Each structure stands twice: as C-alpha cells, then as structure tokens.
Number of protein chains: 2
Amino acid sequence: MDPEAIRRSLEGRGLRCTAQRYAVMAFLMEHTGHPTAAEIFEAVNRADPRSSRATTYNNLRDLVQAGLVREVAVEGRAARFDAKGMRHHHFICDRCGKVEDVEWYDVPRPASGSLGKRILRECELIFRGLCSKCAPRQASR
Amino acid sequence: MDPEAIRRSLEGRGLRCTAQRYAVMAFLMEHTGHPTAAEIFEAVNRADPRSSRATTYNNLRDLVQAGLVREVAVEGRAARFDAKGMRHHHFICDRCGKVEDVEWYDVPRPASGSLGKRILRECELIFRGLCSKCAPRQASR
DNA sequence: GAATTATTTAGACTATATCTAACATGATAT
DNA sequence: ATATCATGTTAGATATAGTCTAAATAATTC
Ligand SMILES: [Mn+2]
Ligand SMILES: [Mn+2]
Ligand SMILES: [Zn+2]
Ligand SMILES: [Zn+2]
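Predicted model, so just to flag it, every value in this text is computed and none were measured. (Residues numbered from 1 in each chain as written. Chains lettered and ligands numbered in written order. Predicted model: local features only at pLDDT ≥ 70, side-chain atom pairs only at ≥ 80, totals over all residues. Heavy atoms only, no water.)

Draft legend 1. Quick peek at the coordination of the manganese ion (ligand 2). Residues and elements named next belong to chain B. Those protein atoms acting as donors to the manganese ion (ligand 2) are His34 (NE2), Asp82 (OD), His88 (NE2), His90 (NE2) and Asp101 (OD), and they sit at 2.0 to 2.2 Å. Mapped onto the polypeptide sequence, the residues donating to the manganese ion (ligand 2) form the spacing pattern H-x47-D-x5-H-x1-H-x10-D. Of the two residues, Asp82 sits in strand S2 (residues 80-83) while Asp101 sits in strand S4 (residues 99-103), which places them 19 residues apart along the sequence. Owing to a relative accessible area of 4%, Asp82 belongs among the buried residues under this scheme. According to the relative accessible area criterion, Asp101 is partly exposed, its value standing at 34%. (Donors = N, O, S within 2.8 Å, 3.2 Å for Na, K, Ca; no water. Helix = DSSP H or I, 4+ residues; strand = E, 2+ residues; numbered from the N terminus. Buried < 20%, exposed > 50% of the residue type's maximum accessible area, 1.4 Å probe, protein only.)

Draft legend 2. A look at the coordination of the zinc ion (ligand 3). Residues and elements named next belong to chain A. Coordination of the zinc ion (ligand 3) by the protein involves Cys93 (SG), Cys96 (SG), Cys131 (SG) and Cys134 (SG), with metal-donor separations of 2.3 to 2.4 Å. Because the angles between the 4 donor atoms bound to the zinc ion (ligand 3) fall within 105 to 114°, the donor set is best described as tetrahedral. Written as a sequence motif, the donor residues of the zinc ion (ligand 3) are C-x2-C-x34-C-x2-C. Of this pair, Cys93 sits in strand S3 (residues 88-93) while Cys131 sits in the loop between strand S5 (119-130) and helix H5 (134-139), placing them 38 residues apart in sequence. Here Cys131 falls in the buried class, since its relative accessible area comes to 1%. (Tetrahedral: all angles 85-135°; square planar, octahedral: opposite > 155°, others 65-115°.)

Draft legend 3. Representation of the sheet that holds strand S3 (residues 88-93) of chain B. Taking strand neighbours across the sheet as the criterion, the 6 strands line up as S4(A)-S3(A)-S5(A)-S5(B)-S3(B)-S4(B) in an open arrangement whose pairing is mixed. Among the strands making up the open sheet, the edge pair consists of strand S4 (99-103) of chain A together with S4 of chain B. Adjacent strand axes in the sheet meet at a mean angle of 35° when their direction is disregarded. Sheet topology places S3 of chain B next to S4 of chain B; 5 bridges connect them, and they run antiparallel. Counterpart to His88 of chain B in the pairing with S4 of chain B is Glu103 of chain B. (Pairing = 2+ DSSP bridges. Axes fitted to C-alpha atoms, helices over the stretch in contact; angles between N-to-C directions.)

Draft legend 4. Focus on the pattern of salt bridges. All chains considered together, the criterion is met by 26 salt bridges over all chains. Here Glu100 of chain B and Arg118 of chain A are joined by a salt bridge, their closest N and O atoms 2.5 Å apart. Placement of Glu100 of chain B in strand S4 and of Arg118 of chain A in the loop between S4 and S5 is noted, with the two residues assigned to different chains. Each member of the pair, Glu100 of chain B as well as Arg118 of chain A, carries the same accessibility label: buried. Note that Arg128 of chain B is salt-bridged to Glu75 of chain B, the shortest N-O span being 3.0 Å. Placement of the pair is Arg128 of chain B in strand S5 (residues 119-130) and Glu75 of chain B in the loop between strand S1 (69-72) and S2, with a sequence separation of 53 residues. (Salt bridge = Lys/Arg side-chain N within 4 Å of Asp/Glu carboxyl O.)

Draft legend 5. Structural detail: the domain arrangement of chain A. Residue and element names in this part refer to chain A. With domains assigned, chain A is organised as domain 1 (3-80) and domain 2 (86-139). Centre-to-centre separation of domain 1 and domain 2, based on C-alpha positions: 22 Å. The interface is formed by 10 residues belonging to domain 1 together with 11 residues belonging to domain 2. Roughly 830 Å² is buried in total at the junction of domain 1 and domain 2, and carbon and sulfur atoms are behind 46% of that figure. Three residues, His34, Arg70 and Arg77, lead the burial of domain 1 against domain 2; their summed loss comes to 56% of the area buried on that side. Viewed at the interface, domain 2 and domain 1 are joined by 1 salt bridge. Put simply, domain 1 and domain 2 have 7 residue pairs in polar contact (both at pLDDT 80 or more) between them. Along the lines of polarity and charge, the residues of the side of domain 1 that touches domain 2 split into 3 nonpolar, 3 polar and 4 charged. (Domains from an automatic or database assignment. Contact = heavy atoms within 4.5 Å. Buried area = accessible area lost by both parts, 1.4 Å probe. Polar contact = N/O pair within 3.5 Å; in protein donor to acceptor, adjacent residues only side chain to side chain. Nonpolar A, V, L, I, M, F, W, Y, C, P; charged D, E, K, R; others polar.)

Quick look at the structure:
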C-alpha cells in the first residue's frame with residue numbers, strides 16, 4: 001500500500017497524518033480480517049513507535065467519523081474494524097463471532113413512506129449463520 | 001398479551017415458564033422500543049417478584065437462543081432486545097443509538113457461490129442515519 | 001521561534017456483561 | 001407424599017471493553 005496514498009486520504013479528511021494514526025490505518029488496509037481494537041493496538045506496537053491504548057481508540061473513532069474505517073458491532077464481543085475499500089457485505093458467525101466479507105450486491109431501499117422524517121445514510125446487509133470453520137463441528141452435534 | 005400464549009411459547013422451546021423468565025418475555029412483548037438489559041431489569045423489578053441482574057441476563061440469553069427474542073448490537077452502546085413478532089428491519093440512529101422498527105420487505109440472498117461452505121441462517125438489513133428526533137438538530141449545524 | 005492547536009499518554013474510571021457456588025424451585029420417580 | 005434430579009435463581013465478585021482526565025508532546029501557523 002502506498003504510504004503517500006494513506007497520508008493523502010487522512011489529510012483529505014482533515015486528519016493529521018501522525019505516526020500513530022498512520023499505523024492504525026495502514027494496519028487495517030493490510031489486514032482484512034476485521035481486527036478488534038485490542039488486536040490493532042497490539043499489532044501496531046510490535047513496531048515502533050509505541051502507541052497508547054487510548055490513542056488507538058481515539059484514532060479508530062476519528063477514522064470511523066471520517067468515513068475511512070467501518071466499525072462492526074458484534075453481540076457480546078468486542079467491536080471489529082475494517083478499512084472501507086471496496087463495498088461489501090458482512091457475514092457474522094453465530095458461534096465464533098468471526099466477521100467475513102461477502103461480495104457486494106445492491107440492496108433495495110425501503111419505501112420512502114416507511115422512513116418518515118428519518119434521514120437515511122446507508123443500508124447495511126448482514127448475513128448470519130456458521131462460518132466455514134464452525135459449520136462442520138456444529139453439524140456433528 | 002395472553003399469559004397462556006407466553007407460557008406456551010416458552011415451553012414450546014423447552015424453557016420452563018418461571019416468574020422471572022415470564023416477566024422478561026412479557027415486558028418485551030409489551031414494549032417495542034428495544035430496551036437494554038438494564039432497562040428490562042429495572043422494569044420487571046418494579047413489580048414483584050424481584051429478579052436479579054444475573055437472571056435477567058441469563059433469561060435474555062436463553063430467550064435469544066430459543067429464537068423468541070432478538071438481540072441488536074449497537075456500536076459503543078449496550079445491546080438492545082426485542083421480541084420476535086412480525087418480521088421487520090431495523091433503523092439505528094447514528095447520533096443517539098435508538099433502534100426503530102422498519103416495515104419488512106424481502107431481501108435478495110447472496111449468490112450461493114459467494115457463501116462457500118458457510119451455513120446461512122438469516123439476512124439482516126440495518127438502516128443507518130438520523131432518527132426523526134435527531135434529524136432536525138443535525139440539519140442546523 | 002512564539003503562539004496556537006491537535007494529538008498522545010498513563011492510568012483511573014465507567015459501563016456492560018459473565019462467572020461462581022450456594023441455594024431454591026419445579027419435575028419425575030418411587 | 002417424599003426423595004431424587006435437573007433446571008433456574010441469587011449476590012456479589014470478576015472480566016472485558018471502552019472512555020475520561022489532565023499533563024506532556026508534536027504539528028502548524030503567525
Ligand atoms: Mn469487511
Ligand atoms: Mn425491532
Ligand atoms: Zn465460526
Ligand atoms: Zn437519534
């Protein structure tokens with residue numbers, strides 16, 4: 001991934017390109033496995049410079065607000081994050097909580113009447129079930 | 001809501017109809033505003049018998065597992081719950097985290113190839129944006 | 001380079017949820 | 001009915017995830 005492209009995407013959204021913030025963004029672009037904040041914190045600190053836990057959370061919040069990163073809430077587990085690259089849907093495993101990408105396809109929007117005065121920003125489609133790792137073991141129960 | 005119907009739906013899923021469990025289920029069927037576990041705990045304890053916090057969480061877990069209740073994870077906030085009555089989608093407010101029902105309509109399933117060996121249980125469609133309460137105040141910023 | 005603003009930091013703190021192990025209750029068998 | 005066994009409840013301790021604070025540092029502007 002081009003470091004200059006990352007810098008530009010941060011600055012284009014009004015965020016300074018600090019070493020810590022860059023490290024979070026770069027890590028998310030290189031790892032598409034939807035890491036948790038704790039995993040990101042640990043990973044970026046294996047290389048210097050060290051980044052604090054608060055900064056990792058702060059930067060994730062800023063990146064989400066800036067629209068560069070998506071946060072995925074999973075029931076009963078830590079939130080997971082991914083860089084918003086190509087559009088895609090998500091599959092969340094009932095058993096292990098793993099979040100996986102699913103090829104994107106268009107989703108029909110609700111009838112305008114059913115939204116009333118709400119302002120719609122996005123439609124998110126989430127698939128649930130058992131991931132390919134958990135499916136076999138569940139079948140044999 | 002018919003008490004006997006609630007009892008039957010619990011027992012039909014292999015759950016004993018205890019006073020505490022009944023109270024959680026009945027509350028969810030009467031309140032469609034997607035309360036949190038803490039709100040449910042407080043509400044069912046305004047009437048007797050008293051139910052502990054652990055029991056409220058235990059029963060919510062059991063009811064979700066039994067397929068009678070749905071849990072909705074909201075980023076950065078406590079999970080919310082609703083009784084699975086009529087099928088519907090959800091709208092989640094970016095600003096206040098409120099979860100609201102949206103009239104159900106059919107969602108196209110992914111191409112079978114894109115799911116691989118995963119076992120699909122359900123497709124969940126979530127709308128995001130500003131609720132009718134938050135929309136005006138955001139416009140004037 | 002001084003002033004201003006944004007960012008980082010450690011660690012305290014809060015919120016949410018789970019676990020433990022003793023006890024109570026309901027169901028089943030005798 | 002009484003004993004037995006499985007299921008459910010409880011208070012409080014514990015765990016996990018995430019936020020807050022106030023002081024220090026770094027980037028940007030004047
Ligand atoms: Mn993703
Ligand atoms: Mn609902
Ligand atoms: Zn899985
Ligand atoms: Zn709102």
